[in-house]
Amino acid sequence: QLQLVESGGGLVQPGGSLRLSCAASEFTGFTLDYYAIGWFRQAPGKEREGVSCISSSGGDTNYADSVKGRFTISRDNAKNTVYLQMSSLKPEDTAVYYCAADTLGRLRMYCSDYTSRVDSWGKGTLVTVSS
């Protein structure tokens, strides 16, 4: 079973930056290079929304309109890690951020319709944007 672990969240002022990391647990025996990885977030009282996705090779990425131009997704398969670089942060970016993967489907390497296909989640990391 693939287990994902997020890290890098914290408190940041508006306009600041954070980099989130998503890694496979070293105890599972799985590596992330076989999967597309999506980032999601959920703010208090709101539904979970897709933020960004990167294909298994890193050659294809997409972003929600709300973060386009401010967030950048990347991966280093040699380090078994996917990153979300967040810049120009706004208070409305405050949320718990999750990474997730589709571990069973034949499209697991790609980002097409990833918000509907993911089945393996991390526990999340909290990002708070406030003065």
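Sequence order as written defines residue numbering, which begins from 1 separately in each chain. Reporting of local features is limited, given that this is a predicted model, to residues whose pLDDT is at least 70; pairs of side-chain atoms are given and counted only at 80 or more, and all residues count toward the totals for whole chains, interfaces and linings. Hydrogen atoms and water are omitted, and side-chain values are computed over all heavy atoms in the structure.

1. Considerations on the overall build of the protein chain
Threshold: Helix and strand labels come from DSSP, where a helix needs a run of H or I of at least four residues and a strand needs a run of E of at least two; each type is numbered from the N terminus. We compute the radius of gyration from the C-alpha atoms alone; for a globule the expected value is 2.2 Å times N to the 0.38, where N is the number of residues. Only protein chains enter the area calculation, which uses a 1.4 Å probe; residues under 20% of their type maximum are buried, those over 50% are exposed, and those in between are partly exposed. By definition in these notes, contact holds between two residues if any of their heavy atoms fall within 4.5 Å. In this charge count, Lys and Arg are treated as positive and Asp and Glu as negative; neither His nor the chain ends contribute. In this description, the location of a charge corresponds to atom NZ of lysine, CZ of arginine, CG of aspartate or CD of glutamate.
Assigned secondary structure in the protein chain consists of one helix and eleven strands. Across the protein chain, helices and strands are ordered from the amino to the carboxyl terminus as β-β-β-β-β-β-β-β-β-α-β-β. Compactness check: the protein chain gives a C-alpha radius of gyration of 14 Å against a globular reference of 14 Å for 131 residues, within 12% of the reference. Here the protein chain, with 131 residues, has 44% of them falling under the buried criterion. For the protein chain, restricting intrachain contacts to residue pairs at least 6 apart in sequence, the fraction spanning at least 24 positions comes to 60%. Computed over 13 positive and 13 negative side-chain charges, the inter-centroid distance for the protein chain is 2 Å.

2. Notes on a nonpolar patch on the surface
Formally: Think of a patch as exposed residues, more than 30% relative accessible area, with no salt bridge, where like charges cluster within 9 Å and nonpolar side chains (Val, Leu, Ile, Met, Phe, Trp, Tyr) cluster within 5 Å. Under the convention used here, a 1.4 Å probe and the Shrake-Rupley method define accessible areas, while residue burial counts only the protein chains that appear. By definition, a salt bridge exists where a carboxyl oxygen of Asp or Glu is found within 4 Å of a side-chain nitrogen of Lys or Arg.
There is a patch of nonpolar side chains on the surface, built from Tyr34, Leu107, Met109 and Tyr110 and spanning about 360 Å² of accessible area. Along the polypeptide, tyrosine 110 turns up in the loop between strand 9 (95–101) and helix 1 (114–117).

3. Observations regarding the packing of aromatic side chains
Heads up, the condition is: Aromatic contacts are taken between Phe, Tyr and Trp rings whose centres are within 6.5 Å, Trp giving its six-membered ring; a plane angle under 30 degrees counts as stacked, one over 60 as edge-to-face, and the others as tilted. Only when the NZ of Lys or the CZ of Arg is both within 6 Å of the ring centre and within 35 degrees of the ring normal is a charge said to sit over the ring.
Applying the stated criterion across every chain yields a total of four aromatic pairs. Ring centres of tyrosine 34 and tyrosine 35 lie 5.5 Å apart, and the angle between their planes is 85 degrees; on these two criteria the pair is classed as edge-to-face. An aromatic cluster of at least three residues, connected via ring pairs, comprises Phe40, Tyr98, Tyr114 and Trp121. One residue, arginine 48, lies across the ring of tyrosine 98, its end atom 4.2 Å from the ring centre. In this structure, arginine 48 packs its charged tip against the face of tryptophan 121, placed 4.2 Å from the ring centre.

4. Brief notes about unusual backbone geometry
Phi is positive for asparagine 80, close to 60 degrees, though the residue is something other than glycine. Looking at the element boundaries, asparagine 80 is found in the loop between strand 7 (71–76) and strand 8 (81–86). The class for asparagine 80 is buried, based on a relative accessible area of 16%. Not every positive phi belongs to a glycine, and aspartate 113 is a case in point at roughly 55 degrees. Tracing the backbone through its elements, the reader meets aspartate 113 in the loop between strand 9 and helix 1.

5. Overview of the nonpolar core
Note the threshold: Only buried residues count toward a nonpolar core. Its members are Ala, Val, Leu, Ile, Met, Phe, Trp, Tyr and Cys residues joined through side-chain atoms within 4.5 Å.
In terms of nonpolar packing, the biggest core is built from 28 residues, with Ile37, Trp39, Phe71, Val82, Leu84, Met86 and Tyr97 touching the most fellow members. Listed by contribution, the elements that provide at least two residues to this core are strand 3 (18–24), strand 4 (37–42), strand 5 (49–54), strand 7, strand 8, strand 9 and strand 11 (125–129). Of all hydrophobic cores here, the second largest spans seven residues; its members include Ala36, Phe40, Cys53 and Cys111.

Shape descriptors only; they carry no functional weight alone.
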